[in-house]
Amino acid sequence: MTSPQPAETRTHKRSPQTATLAEIAREAGVSAPTVSKVLNGRADVAPATRSRVEELLRVHGYRRRRAEATRSPLIDLVFHELESAWAMEVIRGVENVARDAGLSVVLSESAGRLTPGRTWADQVAARRPHGVILVLSGLDESQRALLTSRSIPFVVMDPAGDPGADVPSIGATNWQGGLAATRHLVDLGHTRIGAISGPTRMMCSRARVDGYRAALETAGLPVDPGLIVTGDFHHEAGYRQGLELLRRPDRPTAVFAGNDLQALGLYEAARELGLRIPQDLSVVRVSTIAAGCRVWVGRPPLTDALRHVGLMEMAEAAARLVLDLGRDDGSAAATRVELATSLEVRSSTAAPPAH
């Protein structure tokens, strides 16, 4: 007579689709109501019990059936860093779509971290929103598993790092933006072109600089590491790094900046050093973040390499995608959407000054 298989072996051979709350509860050594409390984000569960149940939900690939997953009329919008210079455009875009769907928007911030904290994930599980949109941020494996088990769809907007093949995301063609900006400057006759990138940990920053390198190499121009400086997408970084580039004895005759704030800082550095734009220095922006027209009064309007991708439009697309995933009960294949871009030439770029 064949002895029965150990419980552990039977568990891992079971199809994820056949796992029920009762079976997960039995394996965890708890009651079915306790598993339900974990699924609903209730606080009255011991941390060790919660961790054990969450791990079993992940191992079994458990996903709540739609009938079980009564959703709150909300979309959770999570910012890597909440700043009025650009966050309002994202908020407006998400609210435009949410309003049409009869939903409200909940805001939170991950305080500069690339992933929100565990407390946030538990709160989202308790709220049971229609979906989650993360801006310049992401989720770790346990957070993805938690949301998936609750049938809460999520989308990463302009991801900071590689979101993974199984994570829906939406962004701009950042590599193409860096390529187009640099080619424009090369076509004008510039051979020494600087770059003020965003943080290297952000995928959009790396992609833009890769496009910059590709344009120089294709044109047969050397890539000088000394002309590539790293900022943080803030005004002060554009000013500080701009001074560093423009004080070089072999300074660049053109620079592309990672966003409007860094471009503004670069303008300030150029003015302080007595350089005119575009007569002495050409500047191009490689950014999806469009600052209001008021900030450019009295300054040459920026040539823009990602002109047709506004943050509001990208946010609207992210909101529509997360709602579409929710209508499919979160089971649709992961999607990477890249919005098309083009170069718009304005008066901040010109041929380099004659030597």
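Residues numbered from 1 in each chain as written. Predicted model: local features only at pLDDT ≥ 70, side-chain atom pairs only at ≥ 80, totals over all residues. Heavy atoms only, no water.

Undergrad: Talk me through the nonpolar core; I want residue IDs and the actual numbers.
TA: Ranked by internal contacts, the top residues of the largest apolar core, which has 32 residues, are Leu 77, Phe 79, Val 90, Val 94, Ile 133, Val 135 and Met 157. Listing elements by their share of this core, those giving two or more residues are strand S1 (74-79), helix H5 (87-100), strand S3 (131-135), strand S4 (154-157), strand S5 (169-172) and helix H12 (311-327). Ranked by the residues each element gives to this core, the list is headed by H12, at 10 residues. Excluding residues that lie within four positions of it along the chain, Met 157 makes contacts with Val 90, Ile 133, Leu 134, Val 135, Leu 136, Ile 170, Leu 311, Met 314, Ala 315 and Ala 318. Counting 30 residues, the second largest nonpolar core, distinct from the first, contains Leu 185, Ile 193, Ile 196 and Leu 221. (Core = buried A, V, L, I, M, F, W, Y, C linked by side-chain atoms within 4.5 Å. Buried < 20%, exposed > 50% of the residue type's maximum accessible area, 1.4 Å probe, protein only. Helix = DSSP H or I, 4+ residues; strand = E, 2+ residues; numbered from the N terminus. Contact = heavy atoms within 4.5 Å.)

Undergrad: Any details on the environment of Glu 55? Residues and values, ideally.
TA: The residue Glu 55 is located in helix H4 (residues 47-60) in this model. Taking the C-alpha atoms as reference points, Glu 55 and Ala 28, separated by 27 residues in sequence, lie 9.5 Å from one another.

Undergrad: Provide a residue-level description of the sheet that holds strand S8 (residues 254-257), including the pertinent values.
TA: Sheet architecture is open: 5 strands sit in the order S7-S6-S8-S9-S10, paired in parallel fashion. Each edge of the sheet is formed by a strand with only one pairing partner; in this case those strands are strand S7 (228-230) and strand S10 (303-304). Here strand S6 (residues 193-197) pairs with S7 via 3 bridges, running parallel. Within S7, the position partnered with Ile 196 by the bridge is Val 229. Across the sheet, helix H9 (residues 203-218) is in contact with S6, S7 and S8; its angle to S6 comes to roughly 170°. Relative to the sheet, helix H10 (residues 235-246) contacts S6, S7 and S8, its axis offset from that of S6 by approximately 155°. (Pairing = 2+ DSSP bridges. Axes fitted to C-alpha atoms, helices over the stretch in contact; angles between N-to-C directions.)

Undergrad: Help me get a handle on the environment of His 130, residues and values and all.
TA: In this fold, His 130 is placed in the loop between helix H6 (118-127) and S3. Along the backbone, His 130 and Ile 75 are 55 residues apart, and their C-alpha atoms lie at a distance of 5.6 Å. Those residues in contact with His 130 that sit more than four places away from it in its chain are Arg 71, Ser 72, Pro 73, Leu 74, Leu 103, Pro 153 and Leu 323. At a separation of 2.9 Å, a polar atom in the side chain of His 130 contacts the main-chain carbonyl oxygen of Ser 72. (Polar contact = N/O pair within 3.5 Å; in protein donor to acceptor, adjacent residues only side chain to side chain.)

Undergrad: Explain the packing of helix H2 (residues 21-28) against helix H3 (residues 32-39) to me, and be specific about the residues and the numbers.
TA: Interhelical geometry of H2 versus H3 gives an angle of 105° and a closest axis separation of 8 Å. Taken together, H2 and H3 sit at an angle that is classed as roughly perpendicular. Facing H2, whose interface residues are Leu 21, Ile 24 and Ala 25, H3 presents Ala 32, Val 35 and Leu 39. A per-class count over the contact of H2 with H3 returns 6 nonpolar, no polar and no charged. (Parallel < 35°, antiparallel > 145°, perpendicular 65-115°, else oblique. Nonpolar A, V, L, I, M, F, W, Y, C, P; charged D, E, K, R; others polar.)

Undergrad: Lay out unusual backbone geometry with the relevant residues and their values.
TA: For the bond running from Ile 277 to Pro 278, omega is 10°, close enough to zero to count as cis. Note on placement: Pro 278 falls in the loop between helix H11 (260-272) and strand S9 (282-285). Located in the positive-phi region is Arg 128, a residue other than glycine, with phi close to 55°. Structurally, Arg 128 is set in the loop between H6 and S3. For Ser 151, which is not a glycine, the phi torsion comes out positive at approximately 55°. Among the structural elements, Ser 151 can be located in the loop between helix H7 (141-149) and S4.

Undergrad: Break down the packing of aromatic side chains for me, with residues and values.
TA: Using the criterion set out here, one finds 1 aromatic pair in the structure. With 5.4 Å between their ring centres and 70° between their planes, Tyr 212 and Phe 256 make a pair best called edge-to-face. Of this pair, Tyr 212 sits in helix H9 while Phe 256 sits in strand S8; the two residues are 44 residues apart in sequence, bridging distant segments of the chain. Of the residues examined, Phe 256 reaches a relative accessible area of 1% and is grouped as buried. (Phe/Tyr/Trp six-rings, centres within 6.5 Å; stacked < 30°, edge-to-face > 60°.)

Undergrad: Outline the confidence of the model for the protein, listing residues and values.
TA: Of the residues in the protein, 84% reach a pLDDT of 70 or more, and the chain-wide mean stands at 83. Every residue in residues 1-18 is under pLDDT 50, and counting partners more than four places away or in other chains gives 11 contacts. Counted against residues more than four places away or in other chains, residues 290-297, with its pLDDT under 50, gives 11 contacts. (pLDDT = per-residue confidence, 0-100.)

Undergrad: A description of the sheet that holds strand S11 (residues 336-339) should follow, citing residues and the corresponding values.
TA: One open sheet accounts for 6 strands, arranged S2-S1-S3-S4-S5-S11; its pairing is parallel. The open sheet has two free edges, formed respectively by strand S2 (104-109) and S11, since each of these has just one partner strand. Strand after strand, the sheet turns through a mean of 20° between neighbouring axes, direction not considered.

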